[in-house]
Amino acid sequence: MEPGGQPNIQQMLQQAQRMQEQFLSLQHELAETEIQGTAGGGLVTATVNGSNEVVKIVIDPAAIDPEDPADTAETIADLVLAAIHNASEEAQTLVQEKMGPLTEGLGGGLGGLGLPGM
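Summarised in this report is the structure supplied together with it. Keep in mind that this is a model prediction, so the values were computed, not measured.

## Here's the deal with the overall build of the protein chain
Stage number 1. Across its full length, the protein chain carries two helices and three strands.
Stage number 2. For the protein chain, the succession of helices and strands along the chain, N to C, is α-β-β-β-α.
Stage number 3. Expressed as a percentage of the 118 residues in the protein chain, the buried residues total 24%.
Stage number 4. If you take every contact in the protein chain between residues at least 6 apart in sequence, the share linking residues at least 24 apart comes to 48%.
Stage number 5. Here the protein chain has roughly 7,800 Å² of accessible surface; of this, 53% comes from carbon and sulfur atoms.

Given below as structure tokens:
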């Protein structure tokens with residue numbers, strides 16, 4: 001801040017630009033990060049990226065019962081959903097951990113930029 005308590009607009013803009021660059025870099029890093037979630041004791045594994053997009057599903061052949069295809073299909077569908085949910089939760093936790101320091105710089109909003117009322 002300049003003497004007299006007025007914020008230096010140039011400094012605020014530079015800080016905002018640095019934070020935007022960090023944010024974009026972090027978004028790119030997260031988009032390339034893959035997180036796995038499992039269900040059924042590892043019978044199904046879902047992989048999502050940091051953008052929470054499903055990129056891979058692996059089903060262990062042991063999950064398939066050829067004697068009861070209808071029940072197997074239903075069970076596998078449930079396990080796939082559970083594995084995706086698990087991976088998504090892990091991805092969300094990772095995003096919060098990585099973004100936390102950046103958003104703390106914002107003071108929980110834009111207050112860290114010294115803008116009144118923010």
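## Looking at the pattern of salt bridges
Stage number 1. Counted under the stated rule, the structure contains one salt bridge.
Stage number 2. Between Lys98 and Glu29 there is a salt bridge; the shortest N-O distance is 3.0 Å. You can see Lys98 sitting in helix 2 (residues 69-104) and its partner Glu29 sitting in helix 1 (residues 9-32), a full 69 residues away along the chain.
Stage number 3. A relative accessible area of 35% places Lys98 in the partly exposed class.
Stage number 4. For Glu29, a relative accessible area of 37% puts it in the partly exposed group.

Conventions adopted
Here the residue numbering is sequential within each chain, running from 1 through the sequence in written order. In keeping with the model being predicted, local features are shown solely for residues with a pLDDT of at least 70 and side-chain atom pairs are shown and tallied solely at 80 or more, while totals for entire chains, interfaces and linings include all residues. Remark: hydrogens and water are excluded; side-chain values derive from all non-hydrogen atoms of the structure. Where helices and strands are cited, they refer to DSSP runs of H or I of at least four residues and of E of at least two residues respectively, numbered from the N terminus. Only protein chains enter the accessibility calculation, which uses a 1.4 Å probe. A residue is then buried if its area is under 20% of the maximum for its type, exposed if over 50%, and partly exposed in between. The contact rule is simple, with two residues in contact once any of their heavy atoms fall within 4.5 Å. Where accessible areas are quoted, they stem from the Shrake-Rupley method and a 1.4 Å probe; at the residue level, only the protein chains shown are allowed to cover. Salt bridges are defined by distance alone: a side-chain nitrogen of Lys or Arg within 4 Å of a carboxyl oxygen of Asp or Glu.

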